[in-house]
Amino acid sequence: MIIAAALCPWPPLLVRELTGADPVAADLREACGAAVRALLAAHPDVITVVGPATASAVWPAEGRLNIAAFGGRAAPPTGPAVPPSVGLGCYLLDQAGYAGPRRLLTVSQDEPPAACRQLGEEIAAAAARTGLLVMADGSARRGPRAPGHFDARAAAFDAEVERAVRAADLQALAAIDPALARELMATGRPAWQVLAGATRPAALRADVLYSGDPFGVMYLVAFFGRQLADMG
Amino acid sequence: MGDPSSDQPGDPSHQPAEPQTLRLGKHTFEPRQRVIMAIVNRTPDSFYDRGATWHEAAAMDRVHAVIAEGADIVDIGGVAAAPGATVDIAEEIRRTVPFVAAVRDAYPDLVISADTWRHEVAREVCAAGADLINDTWGGWDRRLAEVAAEHGAGLVCAHAGNQTPRTRPFRVAYDDVLADVLRRTLAQASRAVEIGVDPARILIDPAHDFGKNTWHSLEVTRRLDEMVITGWPVLVSLSNKDFIGETLAAPPEGRLTGTLAATAICAWQGARVFRVHQVHQTREVLTMVSAIRGEVPPARAVRALG
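Residues numbered from 1 in each chain as written. Chains lettered and ligands numbered in written order. Predicted model: local features only at pLDDT ≥ 70, side-chain atom pairs only at ≥ 80, totals over all residues.

**What about the pairing of strand S10 (residues 273-276) of chain B?**
Residue and element names in this part refer to chain B.
- Burial along S10 is two-sided: the residues Val273 and Arg275 and Phe274 and Val276 are all buried.
- Pairing of strand S9 (residues 235-237) with S10 involves 3 bridges; the strand directions are parallel. Note on S10: the bridge partner recorded for leucine 235 is valine 273. (Buried ≥ 20, exposed ≤ 12 C-beta atoms within 10 Å, placed from the backbone. Helix = DSSP H or I, 4+ residues; strand = E, 2+ residues; numbered from the N terminus. Pairing = 2+ DSSP bridges.)

Structural data, given as structure tokens:
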């Protein structure tokens, strides 16, 4: 079962050295760190990282983010390169000092909601005490400077996702329309729906640690647990 | 519309063994000549000039001015690269074709380039007198090369990653950005030759900022010689772009120094065509590079020679 879950976006700029001299979005980076530390503090037997990608797949547990793919002169990854959503999840786990067992899964942007829910159920059933790290972003069409420019529907879409997360009403996430999410460049849709499938209604309470769109993409950082763990 | 991701590596037999004479319109440019392409936007919303040449009289004034400053080519575009208000084919034609015809009337020998990704627009501007199609979006419309072949026009084969025209890159990643640039641009150049575009009229362009973050654009600049050694003439479009703005934390109006620094680095490595806003300053930089390389003499040298 899922004993705790963390929700983080995966902009590559979570990697501090990719933003150059300016520690851009330090508050976002800190919130993601806090969410992951809270996940570790729940003492899961295994942490499963789930993020969207072009295909659904299981990746080697020693997989890591290839930072150099985003430029700069980063060292090559210590393990096989994995898709960036899951890779950023691994990066956050490493930053938090996690050395325990991990499972790495990607879920396709084309995966229908029912398949996402089923994947979530399988993740929950795979171990007695699973911590879930969900890498997911809201719409990338929140303004004229956003990656996907402006779509007037994005604000309401993201607001509903945030409402569902704050209320730990994760079943509402299962109802998100994949077609609308795709139009709004809300790449987190399949990962949110895995989260919905993995957790039982009202089993967890939510703490939202960050909500904002400094670069036109909706970022939401949250921790789901029986109680907010030590955030130190 | 094609899927640029399906590009296969170019047939090496189409690649020039060494730098060749570049032919554009009625002009020829030898490998050591450094050629300036001046940007003339027929748009109300381009990032740098913000509509300064939206009206035809202002645009024609700019053509006169850039020629006086030493531009070899004018590059006329009707659609901003950034996302914004839709510009359909008819509107793009309305913005560019009469103007290309007017510039051709005024300057019968000038090399005129058309900045478009649409073959329907390219066909009309070539009929109106354009000599070169500047396809910044990397072969999105596969028929563009056919139009170049039909009209005896040149073609710029650019790298836009896998971006749809007028979209911004979003978390783009490359195992090796220069390898992807070479794969896509050489495939387009090869295909253009097969379709019948004159190989002497084909250029390749890494397209800084297109499908790239700032790190990627800096790396492409640093490794530009890997494009030059293919033998194809390399065009660079650096002018006041975001990778310069991010490097220097400078707004668009504060990027000229950075642009000129990048221009010098690309020229030193062998880039041959420079697409720019500031013609005069670019010409001075290119003349300095040519003189430092020993390819042109100083304009006047008497120091310690008297």
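The structure having been displayed, the exposition proceeds.
**A short note on the packing of helix H4 (residues 144-151) of chain B against helix H5 (residues 177-195) of chain B**
All names here are of chain B.
- Orientation of H4 relative to H5, taken along the N-to-C sense of each, is 45 degrees, at an axis distance of 9 Å. The angle between H4 and H5 falls in the class oblique. Note that H4 runs across H5; the crossing there is right-handed. On H5, the residues touching Ala145, Glu146, Ala148 and Ala149 of H4 are Arg191, Ala192 and Ile195.
- Of the residues assigned to the contact of H4 with H5, the class counts are 5 nonpolar, no polar and 2 charged. (Axes fitted to C-alpha atoms, helices over the stretch in contact; angles between N-to-C directions. Parallel < 35°, antiparallel > 145°, perpendicular 65-115°, else oblique. Left-handed = near helix turned anticlockwise from the far one by under 90°. Contact = placed C-beta atoms within 7 Å. Nonpolar A, V, L, I, M, F, W, Y, C, P; charged D, E, K, R; others polar.)

**Overview of the nonpolar core**
- By size, the foremost hydrophobic cluster in this structure holds 158 residues, and its most contacted members are Leu7, Ala35, Val134, Met135, Leu195 and Val221 of chain A together with Ala38 of chain B.
- When residues of this core are assigned to their parent elements, the largest contribution, 8 residues, is made by helix H1 (residues 26-41) of chain A. (Core = buried A, V, L, I, M, F, W, Y, C linked by C-beta atoms within 7 Å.)

**Some words on the sheet that holds S9 of chain B**
All names here are of chain B.
- The strand order across the open sheet built from 8 strands is S8-S7-S6-S5-S4-S3-S10-S9, with neighbouring strands paired in parallel fashion. Strands with a single pairing partner mark the edges of an open sheet, and in this sheet they are strand S8 (202-205) and S9. The mean inter-strand angle of the sheet, taken between neighbouring strand axes irrespective of direction, is 25 degrees.

**Structural notes on the environment of proline 31 of chain B**
Residues and elements named next belong to chain B.
- Relative to the helices and strands, proline 31 resides in the loop between strand S2 (27-29) and strand S3 (35-41).
- It is 9.3 Å that separates the C-alpha atoms of proline 31 and alanine 271, two residues lying 240 residues apart in sequence.
- In this view, proline 31 contacts Pro19 and Arg272; residues no more than four positions away in its chain are not counted.

**Description of unusual backbone geometry**
Residues and elements named next belong to chain B.
- Backbone geometry at arginine 50 places phi at a positive 50 degrees, although glycine is not the residue there.
- Following the sequence through the fold, arginine 50 ends up in the loop between S3 and helix H1 (56-68).
- According to the C-beta neighbour criterion, arginine 50 is partly exposed, with 13 such atoms within 10 Å.
- The backbone phi angle of arginine 166 is positive, close to 65 degrees, even though this residue is not glycine.
- Mapped onto the fold, arginine 166 is located in the loop between strand S7 (154-158) and H5.

**Here's the deal with the sheet that holds strand S5 (residues 130-135) of chain A**
Residue and element names in this part refer to chain A.
- Judged by pairing direction, the sheet is mixed, and its 7 strands sit side by side in the order S3-S4-S2-S5-S1-S7-S6 without closing on themselves. Looking at strand neighbours, the two that pair on one side only are strand S3 (57-59) and strand S6 (205-212), the edges of this open sheet. Between one strand and the next, the sheet's axes are offset by a mean angle of 20 degrees, whatever the strand orientation.
- Pairing analysis gives 7 bridges linking S6 to strand S7 (residues 219-225), with the strands arranged antiparallel. Bridging from a neighbouring strand, valine 208 pairs with alanine 222 of S7.
- On top of the sheet, H1 reaches strand S1 (2-8), strand S2 (46-53), S5, S6 and S7; it is set at about 20 degrees to S7, its chief contact.
- Contacts from helix H4 (residues 154-166) reach S1, S6 and S7 within the one sheet, and its direction differs from that of S6 by about 145 degrees.

**Focus on the interface of chain B and chain A**
- Between chain B and chain A, the contact holds 11 residues from the first and 9 residues from the second.
- Class assignment of the residues belonging to the side of chain B that touches chain A gives a composition of 5 nonpolar, 2 polar and 4 charged.

**Looking at the pairing of strand S4 (residues 73-77) of chain B**
Residues and elements named next belong to chain B.
- The element S4 is extensively covered by neighbouring structure, given that 5 of its 5 residues are classed as buried.
- Burial along S4 is two-sided: the face carrying Ile73, Asp75 and Gly77 and the face carrying Val74 and Ile76 are both buried.
- Direction of pairing for S3 relative to S4: parallel, over a ladder of 5 bridges. Each bridged residue has a counterpart across the sheet, and for isoleucine 39 the counterpart in S4 is aspartate 75.

**Points about the environment of alanine 68 of chain B**
- Tracing the chain through its elements places alanine 68 of chain B in helix H1.
- Taking the number of C-beta atoms within 10 Å as the measure of exposure, alanine 68 of chain B has 10 and is therefore exposed.

**Focus: H1 of chain B**
Residue and element names in this part refer to chain B.
- In a regular helix each residue adds 1.5 Å, so 13 residues correspond to 18 Å; H1 covers 18 Å between its end C-alpha atoms and thus fits that length.
- Every buried residue belonging to H1 is among Ala59, Arg62, Val63 and Val66, and all of these are buried. Angularly, the buried residues of H1 cover 105 degrees about the axis, an arc narrow enough to put them on a single face. Facing away from the buried side of H1 by more than 90 degrees, the exposed set consists of Ala57, His64 and Ala68.
- On the buried face of H1, the contacting elements are S3, S4, helix H2 (89-106) and helix H10 (279-292).
- One or two positions beyond H1, positive phi appears at glycine 70, with a value near 110 degrees. (Expected span 1.5 Å × (residues − 1). Arc of directions from axis to C-beta.)

**Considering helix H3 (residues 119-127) of chain B**
- Counting buried positions along H3 of chain B yields 7 of 9 residues, so the element is predominantly enclosed.
- Phi for glycine 129 of chain B, located one or two positions after H3 of chain B, is positive at around 125 degrees.

**Some remarks on the confidence of the model for chain B**
- Predicted confidence across chain B gives a mean pLDDT of 95, with 96% of residues reaching 70 or more.
- For this predicted complex, the interface confidence comes out at an ipTM of 0.93, alongside a pTM of 0.94. (pLDDT = per-residue confidence, 0-100.)

**Quick look at the packing of helix H3 (residues 113-125) of chain A against helix H7 (residues 189-198) of chain A**
All names here are of chain A.
- Their axes nearest at 6 Å, the elements H3 and H7 cross at an angle of 50 degrees. With respect to each other, H3 and H7 are oriented oblique. Like other packed secondary-structure pairs, H3 and H7 cross with a definite hand, here right-handed. In contact with Pro113, Cys116, Arg117, Gln118, Leu119, Gly120, Glu121, Ile123 and Ala124 of H3, H7 contributes Pro190, Gln193, Val194, Leu195, Ala196, Gly197 and Ala198.

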